[in-house]
Amino acid sequence: PSVNWASPKELKQSKLAVYAVFAFTSVVTLIIGLEQDGIIDGFMTVYLKEGEPYLNTAYGHVICYWDGSAHYLMYLLMVAAIAWEESYRNIGLYWVGSILMSIIVFLPGSIVGKYGTQICPAFLLNVPFICLPIWAGVRIYNQASVIQNSSVKVIQEIQKKGLLGRPLDLMFAIYLILATAFSIFRGMIVLDCPAEFCRLYVQHQEPYLKDPAAYAKIQMLIYMFYTVPYYLISLYGLLAPGCSWMPDLTLVHAGGLAQAQFSHIGASLHARTPYIYRVPQEAKMVFLSINIVYGIMPQLLAYRCIVKPEFFMKSKQDAKAE
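This report concerns the structure included in the present document.

Reading guide: rules and limits
Residues numbered from 1 in each chain as written. Predicted model: local features only at pLDDT ≥ 70, side-chain atom pairs only at ≥ 80, totals over all residues. Heavy atoms only, no water. Helix = DSSP H or I, 4+ residues; strand = E, 2+ residues; numbered from the N terminus. Buried < 20%, exposed > 50% of the residue type's maximum accessible area, 1.4 Å probe, protein only. Polar contact = N/O pair within 3.5 Å; in protein donor to acceptor, adjacent residues only side chain to side chain. Contact = heavy atoms within 4.5 Å. Arc of directions from axis to C-beta. Salt bridge = Lys/Arg side-chain N within 4 Å of Asp/Glu carboxyl O. Expected span 1.5 Å × (residues − 1).

Remarks on the side chain of T250
Phase 1 of the analysis: Along the chain, the position of T250 falls in helix 10 (residues 246–269).
Phase 2 of the analysis: The exposure class assigned to T250 is buried, which follows from its relative accessible area of 0%.
Phase 3 of the analysis: A polar contact of 2.9 Å, which involves the side chain of T250, links it to the backbone oxygen of P247.
Phase 4 of the analysis: If we ignore the near neighbours within four places in the chain, the residues touching T250 are Y230, L301, A302 and C305.

The structure is reproduced here in structure tokens:
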């Protein structure tokens, strides 16, 4: 029997519907953030008290602003691209990384943190934010990527250069090594490493890592167990030519790190975080410098891979072999 696949028009309408729903939820989370700041009042008070009280934490507050601003802008861009029949693959992959990072930290952190005993049926409202991004992510990834018009000669010349002949890539390689060490270090801290240096770092630089709300702990474990393998894979991608998956991978990771670092920095400094877990005044400059660099470098790496992808493009011989 024949299978009746959805028509292009129906697929377009389904995509528009999904992103329109996501955009609506972004507006709701922005309202929650504004109410938490006292800018507006009376819209979500009962829901925050009875439905999802963990949104009253510093982390919950900050991710409301990220979802209501950054994610909302991404939805508008994707809806516009769909309506105009333009490609939204790059912004889509960036959004996938951002929203998945948000969910895989927020949901476990809400369950295992100090608000874990107050989980109620309203928590199930977050389930679509697990399923729909995966569905959308598969469709976005399957879109045709934008093909760069680079000659074979140019590609071959660039791919002949070693890492030392590509100073920008050398800088990124050094960053990936340092970021790997830093991610492992902070992961060990939240796992209660007894080393004196870990204790001093928590005490004087990032006491928020020990916040009982547990979002920071989950975030650092994600960094250690998921982003560290990414850093090692990306390091290989910078060393071996023809790794055509690098632009997509760096885009997804850049979106995730942007969301993660915005939330981590914001929550570490937020007034809703208990004073003993906030970054000390004398350590703010070092804290901000390290964490901003940690968040910005993935954005620059993704931009480099998208704008100048020749080193990562497969030769015609490799493409034919596959």
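And the narrative resumes.
A closer look at helix 8 (residues 196–204)
Phase 1 of the analysis: If you check which residues of helix 8 are buried, you get C198, Y201 and V202. An end-on view of helix 8 places all buried positions within 95° of arc, on one side of the element.
Phase 2 of the analysis: Each element contacted by the buried residues of helix 8 is listed here: helix 7 (167–190).

What to know about the environment of I111
Phase 1 of the analysis: Counting through the fold element by element, I111 comes out in helix 4 (residues 89–112).
Phase 2 of the analysis: A relative accessible area of 47% places I111 in the partly exposed class.
Phase 3 of the analysis: With near-sequence residues (within four places) excluded, I111 lies in contact with G116 and F123.

Description of the pattern of salt bridges
Phase 1 of the analysis: Here the structure, examined in full by the defined rule, presents six salt bridges.
Phase 2 of the analysis: Among the ionic pairs, E206 bridges to R186, the shortest N-O distance being 3.0 Å. Here the residue E206 occupies a position in the loop between helix 8 and helix 9 (215–239), and R186 occupies one in helix 7, the gap between them amounting to 20 residues. For the pair E206 and R186, one class covers both residues: buried.

Brief notes about helix 10
Phase 1 of the analysis: Look at helix 10: 34 Å from first C-alpha to last across 24 residues, which is about the 34 Å you get at 1.5 Å a residue.
Phase 2 of the analysis: Counted residue by residue, helix 10 has 19 buried out of 24 residues, so it is predominantly covered.

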